[in-house]
Amino acid sequence: MSTSQIIHDKDHPTPDERQSVRRTLKRPSWLKTEILGGLVVALALIPEAIAFSIIAGVDPRVGLFASFTMAVTTAILGGRPAMISAATGAVALVIAPLVASHGVDYFIAAVILAGVSQVILALVGAARLMRFIPRQVMVGFVNALAILIFISQVPELIGVPWLVYPLCLLGLLVVFVLPKFTSIVPAPLVAIIVLTVLVVVLALDVPNVGDKGQLPESLPTLLFPNVPLSLETLQVIAPYALAMAVVGLLESLMTAKLVDDVTDTHSNKTRESWGQGVANIVTGFFGGMGGCAMVGQTMINVKASGARTRISTFCAGVFLLILVVTLGDVVALIPMAALVAIMMFVSWATFDWHSIRPSTLARMPKSETTVMLVTVIATVWTHNLAIGVILGVIVAMVAFANRVAHFVRVNKEITETSGQPTARYTVEGELFFASSNDLYTMFDYAEDPDHIVIDMHQSHLWDASTIAALDSVTDKYEHYGKHVDIIGLNNASRRMRVRLGGLAKNGE
């Protein structure tokens, strides 16, 4: 290999090389991108964490400390480099009723139990279920998330001084235009600095981070929830803990898959699952509200800032703690307009615009488009990503079953064997509960001769419904006093029929 080729390879690393911590530590330009990306994310996390704390009905410190411990723990243990985990709205919505009914201690106990549940789910292979999520559900998830990110910023633009609007437009101009000229410093960080300086120098009276709630002045400390260690306590917290575990894992794994696509790399979903669990356990023992992956902040990190490694995630957590504990007075001055502009940019960058182009919709099967729309509508309507994804998967399953059910064909011909007429049916296609229901109606029981052959060489039996349908066919012919031979079953189908439907017929 020539020297020029070696230099070219170093200047253009593969996606996997770019997310290597060791290589990044040896490249100042990469390391700068990771550190600055972490700083931008930390600044964006502060108002979000405070807002989610309010939703959950707890002190803002609970959400801020959770964001710190979640980010740092998943940076070390998680399976998806550069993904940001912190306190989230999905978790806040799930856990809020428990806070209202039983208080913060039960809430913290539920967070710890949710972490334990996530570790157990990871060990039993829950992450492998991601393979059953169709692409159109993923597209719907991404588009719904982009819409929710945008909607979440709208309240920050209602009932505010008119100066907020030009500031927000200036912030949007910076984050959209600056990357076209330089990527030395992340555009979101520039937007935050420029708008903050303008507001401070010109003494503009606009909403800022400090208006969201009081920032902590001390480090988080270890604690154990003051709840009775009894079955009654478990009955109270278990439903909330399980819901939090499932919602958190689903959102984290979907986000990990999204980052895989953006960065063209693979992640360890099982490691990410138990890493999320351990992070929630740690967060609970530090008095945090728990959390999961945050798509908005992850997109800031990966798309807007260009970060690719665990370093950025770790820096986000560390910077968050430093900013709120030691530089709280400075952070409080950041205008909300700057953060709104950044999140609107993230919303625009996250949305899959290709999916709604007229040319794409014209080529796409209607069932696929329906799956995407159901996922988007359900998610936006409920503000719950888990519900949207689950409904999308269900619709995709029904659409697939309905489509495959029509692929089964039964062809009939009358032949003569030893001078006696024989009705020969050839069954083609995959037989399962959806397609086998019509199998019973495809035979001429009364008109057929006394000997019938059903040829299964070009089909496969998949479930008990199919076995039952096939047995019903043979029973119906026997009712007319006719003999049926079923031939051509493959080994798997024959074994299933023997096990579920009785003895195999001669000739199989």
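Residues numbered from 1 in each chain as written. Predicted model: local features only at pLDDT ≥ 70, side-chain atom pairs only at ≥ 80, totals over all residues. Heavy atoms only, no water.

Draft legend 1. Structural detail: empty space enclosed by the protein. Taken as a whole, this structure holds one cavity of 30 Å³ or more when the rule is applied. When its volume is computed, the largest cavity comes out at roughly 40 Å³. Lining the largest cavity we find F141, V247, L250, E251, M254, L385, A386 and V389. Going through the elements one at a time, α11 (231–263) and α19 (385–405) are the ones with two or more residues in the lining of the largest cavity. Among the elements that take part in the lining of the largest cavity, α11 stands out by supplying four residues, more than any other. (1 Å grid on protein atoms, 1.4 Å probe; cavity = no way out; pocket = protein on both sides within 12 Å on 5 of 7 lines; lining within 4 Å. Points joined across faces, edges and corners; volume = space filled by probe spheres on them. Helix = DSSP H or I, 4+ residues; strand = E, 2+ residues; numbered from the N terminus.)

Draft legend 2. Just the packing of aromatic side chains, in detail. Applying the stated criterion to the full structure yields 11 aromatic pairs. With a centroid separation of 4.6 Å and an interplanar angle of 45 degrees, the aromatic rings of F351 and W353 are classed as tilted. On the basis of relative accessibility, which here comes to 15%, the residue F351 falls in the buried class. Since its relative accessible area comes to 43%, W353 is described here as partly exposed. One aromatic cluster in this structure is built from Y425, Y440, F443, Y445 and Y477. (Phe/Tyr/Trp six-rings, centres within 6.5 Å; stacked < 30°, edge-to-face > 60°. Buried < 20%, exposed > 50% of the residue type's maximum accessible area, 1.4 Å probe, protein only.)

Draft legend 3. The environment of G79, seen in detail. If you trace the backbone, G79 turns up in the loop between α5 (60–77) and β1 (85–86). Residue class for G79 comes out buried when judged on its relative accessible area of 6%. In this structure the C-alpha to C-alpha distance between G79 and G275, which are 196 residues apart in sequence, comes to 7.2 Å. Non-local contacts of G79, meaning those with residues more than four positions away in its chain, are made with S267, N268, R271, E272 and R310. (Contact = heavy atoms within 4.5 Å.)

Draft legend 4. Representation of the environment of L204 in the model. Position of L204 relative to the elements: it lies in the loop between α10 (187–201) and α11. Sequence separation between L204 and L163 is 41 residues, and the spatial gap between their C-alpha atoms is 7.9 Å. Excluding residues that lie within four positions of it along the chain, L204 makes contacts with L163, L167, L198 and V199.

Draft legend 5. Looking closely at the packing of helix α6 (residues 89–102) against helix α7 (residues 104–123). The geometry of α6 relative to α7 is characterised by a closest axis approach of 7 Å and an angle of 145 degrees between their N-to-C directions. Only V104, Y106, F107 and A110 of α7 make contact with α6, whose side of the interface consists of I95, L98, V99 and H102. Of the residues in the contact of α6 with α7, the class split is seven nonpolar, one polar and no charged. (Axes fitted to C-alpha atoms, helices over the stretch in contact; angles between N-to-C directions. Nonpolar A, V, L, I, M, F, W, Y, C, P; charged D, E, K, R; others polar.)

Draft legend 6. Highlighting the sheet that holds strand β6 (residues 483–487). Taken in spatial order, the four strands line up as β3-β4-β5-β6 in an open sheet, and their pairing is mixed. Edge positions in the sheet fall to β3 (409–417) and β6, since each has one partner strand and no second. For this sheet the average axis-to-axis angle between neighbouring strands, irrespective of direction, equals 20 degrees. Bridge analysis of strand β5 (residues 451–461) against β6 gives five bridges, and the strand direction is parallel. Paired with V453 across the strands is D485, a residue of β6. (Pairing = 2+ DSSP bridges.)

Draft legend 7. Local environment of helix α4 (residues 28–56). Between the first and last C-alpha of α4 there are 41 Å, a value that for 29 residues agrees with the 42 Å anticipated at 1.5 Å per step. Two residues or fewer after α4 comes G57, characterised by a positive phi angle close to 80 degrees. (Expected span 1.5 Å × (residues − 1).)

Draft legend 8. A look at the pattern of salt bridges. Tallied over the full model, the rule gives nine salt bridges. The residue D59 makes a salt bridge to R61 at a minimum N-O spacing of 3.0 Å. Across the salt bridge formed by E428 and R409, the nearest N and O atoms sit 2.8 Å from each other. Within this pair, whereas E428 is found in strand β4 (residues 420–431), its partner R409 is found in strand β3, the two being separated by 19 residues in sequence. The network of salt bridges with common partners includes R80, D260 and K269. (Salt bridge = Lys/Arg side-chain N within 4 Å of Asp/Glu carboxyl O.)

Draft legend 9. Region of interest: the pairing of β6. Among the five residues of β6, four are classified as buried, and the element is accordingly described as predominantly covered. Taking the sense of rotation as the criterion, the β-α-β connection linking β5, helix α21 (residues 464–479) and β6 turns out right-handed. (Right-handed = clockwise from strand over helix to strand, strands pointing away.)

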